[in-house]
Amino acid sequence: MSSNEQQKKSEKGPSVDLDACGSRLKSLYTIWNSNENHQLFNDADALLIGSGANKEEELRYLKAVSLQIWLFSYELPDTVIAFINKGGETNGNEMHAIASGKKAKLLENARETIERAIGGTLRVHSKPKHEDGSQQVDALVTILKEKCTKIGACSKELNEGNLMQTTVEKLGGKEQFADATSGIACVLSKKDQKEMKFVDDAVKLCSEAMKFAVSEVENAIEDELKISHVKLSEKTEDAILAPGKTLGLKDISHEDVDICYPPIFQSGGEYDLKYNAVCSEKKLHFGSTPAVIHVSLGARHTQYCANIGRTYLIDPTETQEAVYEACLKAQDAAVEALKPGKLCKDVYAAAQKALEEAEKENEKLKDMNLSSKLNKNVGSILGLEFKDAFYMLSGKCESAIEEGMIFNVALGVNGLEETSADEKSKSRHYAIMIADSVQVTADGIANKELTKNTKKLSDVSYAVNESDEEDDDDGAEEDKDIANTGARGGVILDAKTRGDEAVTAKAEADRQRKQKALADKKNAETYDRLMNAQNDVEKGGKGAGASADFVAYKSVTDVPAPRKELVIAVDNDREAVLLPVCGMLVPFHVLAIKSCSVSQDAGASFIRINFQVPMGASAAANAGYLPAIRFPNNIFLKELSYRSSDPRHANFVVNEIKTLRRNVVARETERAERATLVRQAKLQLTSGRVHRLTGLWMLPTFGGRGGRKAGTLEAHANGLRYIGAKMDEQVDIMYENIRSCFFQPAKKEVKTLIHFHLKDPIMIGKKKTHDVQFYQEVIEATENLDGSRKNMYDPDEIEEEQRERERQKRVQKEFAQFCKRVQEIWEKDFPNMGLEFDSPYHDLAFDGVAYKSTARIVPTASCLVELIEFPPLVIHAKDIEIVNLERVGYHLKNFDMAIIFKDFNKDVHRIDQIPSKNLDNIKQWLTTLEVKYYEGKANLNWKPLLRQIKEDPESWLEAGGWEFLNNEPSSDEEDAEGSDPESEFEPSSDEDESESESESESMYDEDDEDEDASADEDDDDDDDEEVLDWDEMEEKARKEDEEASDEDRRGDKRKKKSSKHR
């Protein structure tokens, strides 16, 4: 740009949005001249507005300033503007302005647009800089007296500024003016597209500021901070005024931002639901529950306002929850009543009616009189002003609602009383306020709630009254009353521990009634599923991808020439083993070998090689070895044995064969697993602020050698990325591939974790997995055994314990904040996926053997999980067909749980050695999730049972379906030792053996690999001993002690007898 152009631009001064100015001036005169709205201007033919000096430190809303910004995009301080309306006269309208400096230039630059829009002339009375403007006022007064009969103005703004005061005095005082405030309010009520952009930015500012405020409140509660309401208000105000720095809104300039009113924080029984309320110096109340915290805040962007208000409940009572739900329904009713053509008072009536209906429907609200405690209004119109009396949503306002208006729908109920709290307690009195910015849409279309921060009861209620010292006493938690434990999604668990004997007869009868209803439903579902699946093709065995076409040598000429002496040779390049057979070397691919071993006898070594062979006539029996299916008529070699006089060479050959086979099997298994992977979408990296969680360990690990280091988990646009310490250590988890996710803070565990259970498996290292876990250890998993004794009064020990508690709180807080940020991404960008972090119910936890060792298994709102040990246990209630509780008896300390899945191809999962005191809790949890369970006194052999059910579903259904599980044996028939109850579904022994043998025989059988590995370490290992549970081991030890003591007594008697004979 040249210097001349810059000089011309500076001379012209600020510019006006000419399109908006022209269209809005036309709208002003159109509304003014309409028969419907002319009375709003009190039949005035002139409109006078003026403003004084700009006082940015004051939060004031003036109609004159709002009209200036609406027309010219700028506030014009120390300016007086007069609009003259001559009705239908051609070019008879006039606009006069007394202004100085840049303000006069701004109007002069828009002269052509203004004159065309008003259909008349514009005259700018330019006031010199150091004069009081009396000459210009005299000129304007003369024109108004000559051309106007009645002058309208905002009656409450006649004293704004020296120019306005002088003009009013020379026109005869305030009594000479008609009040046109309602007319200006009507002009400013509708929002065009350009205004909506500013409103949207204000809404975005409000939403992020509310998230900031809530995080501050949560931090105060979590860390038990003593922070005042004023301090919270100041911190939130600073966050609003610095949106790019604090709220992450880089696209919003701090110069365009302001607050509508100081943010409001209220708690502790003192509530004032007016927006001019002042925050008290008292501390935020959350210690004695139930506690209620009210937060309201409003933000402005380019002078356009938006508002939001929320109420948060800390350990609420059932009555408080019912009140909140009633208020939420009342606000929804008010939003729904905002329809074009309706009156403002209709909206108030709708909210009042909704509260009255809630009182009738819910017995807990009958004596609350919520409708009488409703605020005098439920909101007002929003725009350049935060509220306007002409569009107040009260019971008396008769202003009509139109499409394009923006309302602050604020439903507040004050003066509520919680009778369960002490009369002098801060929890005795409380209030509920829920406010949102809402856009009125066309009739027949649902109104648009602009502020979308969550307000569901489950999201605004917090359970913080939990014992922090529960880790110190294991028995305290098990005996703890867990009645009325609320679960997300409306699941209520009423069970208590068995020792409390608190399960009433009524509750037990209700549970049995629900289970009886589930029985018929479950039988019908199982039958329909089995009938539809009878034509499905039977799935092949694992690792069957390339095993049918393995080739060692393509022709005889490729086989190496034998040496002078025939010996067993291994060709690692061709993955073949050359075995001497009938005087010649015969090649066998290493995958044709099932196992190889060496033994010593009579000074010689015997090498035994077992081959893969067909296991039966059916395809299912040979699914693990596809050459048997491809060549069903061929003869297969089963075993070869060799004798060697050199034991060292025999061991070397066997180890070489095993090593080659192990490597080839691992490669083929990985290839087969990768072939079955579902292709994942590409991760879209977030360009702006990325939410991170650092210092995390991951399970399963990447494998490989070298020391492990912690990594970082990042939340991006469509997925999560874990970045390890090495360049190649990177894992992407797509949001659409997550089936369920869990956040488990450390209670009785050593680590706080986030766990993802995936729909389709992914590869981590060389292994395929459905579960990925990220964790941090909050306490050391090891204990010092050097013999030093700890002193409970040792200051060092106390300080160390305090550091551990602080570390645990800090880690839990970081994890919780990260989960919250990821949850916000899901709710905003993936609302249809329904993802939500689930947390375990530690009160319902029980011990059991899910895999090989005893672990602490925890129910959640929809799953049964054990996430501390790896591999983890994640069982969805939706996947469960039935649950059979086995070995249930009052004389037994433990029982077992058999989980049968809807997919009968899955193995039945067993959880053994569950303490009997957890039986009622488990029953109640299963009933709550509508899972049918049965009880029995013996363990069942489930594989043949499920096979017979699949083969003949009709006979199974005619025999009563799953009700055969109710045929419990009598106590006389309980011979234990795993005997099965009599059932028509009991399989024959031949079928059992064939099936178990076929399933165990597989070319890629991991058990074989484990046996080979163990044989490498020690060939003389004994057979596995029978595994005993703790009770059996204690009983065995007691009998051995008794036998030992008897022998000692017998020995003493023999000594005494011998001494007597002497």
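Provided above is the structure to which this section pertains.
This write-up is about the structure you can find in this document. Predicted, not measured: the structure shown is a model, and the values here were computed from it.

How each quantity is defined
- Residues numbered from 1 in each chain as written.
- Predicted model: local features only at pLDDT ≥ 70, side-chain atom pairs only at ≥ 80, totals over all residues.
- Heavy atoms only, no water.
- Buried < 20%, exposed > 50% of the residue type's maximum accessible area, 1.4 Å probe, protein only.
- Helix = DSSP H or I, 4+ residues; strand = E, 2+ residues; numbered from the N terminus.
- Pairing = 2+ DSSP bridges.
- Contact = heavy atoms within 4.5 Å.
- Axes fitted to C-alpha atoms, helices over the stretch in contact; angles between N-to-C directions.
- Polar contact = N/O pair within 3.5 Å; in protein donor to acceptor, adjacent residues only side chain to side chain.

What about helix α20 (residues 919-928)?
Of all 10 residues making up α20, 9 are buried, and the element is well covered by its neighbours. Among the residues making up α20, those that are buried are Leu919, Asp920, Asn921, Ile922, Lys923, Gln924, Trp925, Leu926 and Thr927. The first or second residue beyond α20 is Glu930, which carries a positive phi of 60°.

With respect to the sheet that holds strand β28 (residues 738-744)
Ordered by their spatial adjacency, 8 strands build an open sheet running β27-β26-β25-β24-β30-β29-β28-β31, and the pairing between neighbours is mixed. Each edge of the sheet is formed by a strand with only one pairing partner; in this case those strands are β27 (730-734) and β31 (837-838). Note: strand β24 (residues 691-699) against strand β30 (residues 767-777), 3 bridges, orientation antiparallel. Considered in β30, the bridge of Leu699 is made with Gln773. Most of the contacts of helix α19 (residues 795-829) go to β24, to which it runs at about 110°, and overall it touches β24, β25 (711-715), β26 (719-723), β28, β29 (751-764), β30 and β31.

Some points on unusual backbone geometry
A cis amide bond links Thr289 to the next residue, Pro290, at an omega of 0°. Residue placement: Pro290 occurs in the loop between β7 (257-266) and β8 (291-301). Of note, the bond from Phe870 into Pro871 is cis; its omega dihedral lies within 30 degrees of zero at 10°. Mapped onto the elements of the fold, Pro871 is located in the loop between β34 (863-866) and β35 (873-876). Although it is not a glycine, Asn42 adopts a positive phi angle of roughly 55°. Counting through the fold element by element, Asn42 comes out in the loop between α2 (18-33) and β1 (46-51).

Details of the side chain of Glu749
By secondary structure assignment, the location of Glu749 is in the loop between β28 and β29. A relative accessible area of 9% means that Glu749 is categorised as buried. Of the polar contacts made by the side chain of Glu749, one reaches the side chain of Arg856; its length is 3.0 Å. Setting aside its immediate chain neighbours within four residues, Glu749 contacts Gln744, Val778, Ile779, His842, Arg856 and Ile868.

A look at the environment of Arg667
When you line up the elements, Arg667 lands in helix α18 (residues 647-675). The class of Arg667 is partly exposed, set by a relative accessible area of 32%. Between the C-alpha atom of Arg667 and that of Lys766, which follows or precedes it by 99 residues, the distance is 9.0 Å. Within the local environment of Arg667, its side chain forms a polar contact with the side chain of Glu668, the two groups lying 2.9 Å apart.

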